[in-house]
Amino acid sequence: LYSFYEDVAQSDIPVIHGIISDAFRKREFNLQRMIKDITAATDLTPEKAEVIARTESASIANKAREIGWERMEEERGEKFLYRWSVHHDARTSDICLEIEKRVGDGVPMDELKAIIKEVSNEAIPGWSGWDQLVAHPNERSTPVRVVLTKLEKEQRETLRAEKEML
């Protein structure tokens, strides 16, 4: 668990990890069920359990996606671009909006992580979730791979070459 949850009892951490890991292992991902199981097994409030379940679930899912994308990049011998997919509503964070803005139509994974780290740490000093592609607690945004047509790839390469010539 992230250091952000420092008020969680040390004895509860393996219990929470077990509940969340089991949900993923069994492919029975249900946020409400995880919250119920966490509150039943610990002294956490449902609100705190939800923040932890949502954040840790985003961390696991995003890291799994990243590993899969890395393998695909190696197999295909190409670097992909990624954008920040934000759920726009009243709960959308300024952090995610800023990441979405900076990432634009797509950047390589290392650049995406650097942007997440910079923006997150400006708002939450010491936040380490950026490495798992989690910008803040209670994360709902996620990275997505940008899939370009052959023509779009060529157009981007042409634009990049023109910029380099300037």
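Up top you'll find the structure we're talking about.
Figured I'd write up the structure that's included with this text. Keep in mind it's a predicted model, so treat the numbers as computed, not measured.

## Side note on the overall build of the chain
Point 1. Within the chain, the regular secondary structure consists of six helices and two strands.
Point 2. For the chain, the sequential pattern of α-helices and β-strands runs α-α-α-β-α-α-β-α.
Point 3. Projected onto its principal axes, the C-alpha positions of the chain cover 60 × 35 × 25 Å.
Point 4. Taking all 166 residues of the chain together, 37% fall into the buried category.
Point 5. Once local pairs closer than 6 in sequence are excluded, the contacts in the chain between residues at least 24 apart make up 62%.
Point 6. Total accessible area computed for the chain in this model is approximately 10,200 Å², and 51% of it derives from carbon and sulfur atoms.
Point 7. On the chain, the mean spot of the 25 positive side-chain charges and the mean spot of the 32 negative ones are 4 Å from each other.

## Quick notes on helix α5 (residues 109-123)
It helps to recall that an α-helix has 3.6 residues per turn; residues three or four apart then point in one direction.
Point 1. Its 15 residues place the ends of α5 21 Å apart at the C-alpha level, agreeing with the 21 Å of an ideal helix rising 1.5 Å per residue.
Point 2. Here α5 has its buried residues at Met109, Leu112, Lys113, Ile115, Ile116, Val119 and Ser120. Seen end-on, α5 carries its buried residues on one side only, within an arc spanning 160 degrees. Opposite its buried face, α5 presents the exposed residues Asp110 and Glu122, each directed more than 90 degrees away.
Point 3. Turning to α5, the residues buried within the fold contact α3 (46-76), β1 (81-85), α4 (94-103) and β2 (142-146).

## Overview of the packing of aromatic side chains
Point 1. Applying the stated rule across the entire model yields two aromatic pairs.
Point 2. The interplanar angle of 45 degrees and the centroid separation of 4.9 Å between the aromatic rings of Trp69 and Tyr82 together place this pair among those described as tilted. Of this pair, Trp69 sits in helix α3 while Tyr82 is found in strand β1, placing the two residues 13 residues apart along the sequence.
Point 3. Note that Arg145 overlies the ring of Phe80, its terminal NZ or CZ placed 3.9 Å from the centroid.

## Some details on the pattern of salt bridges
Point 1. The tally for this structure, following the rule as stated, stands at 11 salt bridges.
Point 2. Arg25 is the partner of Asp22 in a salt bridge, and the nearest nitrogen-oxygen pair spans 2.8 Å. Note that Asp22 and Arg25 are positioned in helix α1 (residues 13-25) at a spacing of three residues, about one turn of the helix.
Point 3. On the accessibility criterion, Asp22 (33% relative accessible area) is partly exposed.
Point 4. Residue class for Arg25 comes out exposed when judged on its relative accessible area of 59%.
Point 5. Between Glu66 and Lys113 there is a salt bridge; the shortest N-O distance is 2.8 Å. Residue Glu66 is found in helix α3, and its partner Lys113 is found in helix α5; the two are separated by 47 residues along the sequence. One exposure class covers both Glu66 and Lys113, and it is buried.
Point 6. Counted as one network, the salt bridges with shared partners bring together Lys63, Glu66, Lys113 and Asp131.

Calculation rules
Residues numbered from 1 in each chain as written. Predicted model: local features only at pLDDT ≥ 70, side-chain atom pairs only at ≥ 80, totals over all residues. Heavy atoms only, no water. Helix = DSSP H or I, 4+ residues; strand = E, 2+ residues; numbered from the N terminus. Buried < 20%, exposed > 50% of the residue type's maximum accessible area, 1.4 Å probe, protein only. Contact = heavy atoms within 4.5 Å. Areas by Shrake-Rupley, 256 points an atom, 1.4 Å probe, with all protein chains shown as cover. Lys, Arg positive; Asp, Glu negative; His and termini not counted. Charge placed at Lys NZ, Arg CZ, Asp CG, Glu CD. Expected span 1.5 Å × (residues − 1). Arc of directions from axis to C-beta. Phe/Tyr/Trp six-rings, centres within 6.5 Å; stacked < 30°, edge-to-face > 60°. Lys NZ or Arg CZ within 6 Å of the ring centre and 35° of its normal. Salt bridge = Lys/Arg side-chain N within 4 Å of Asp/Glu carboxyl O.

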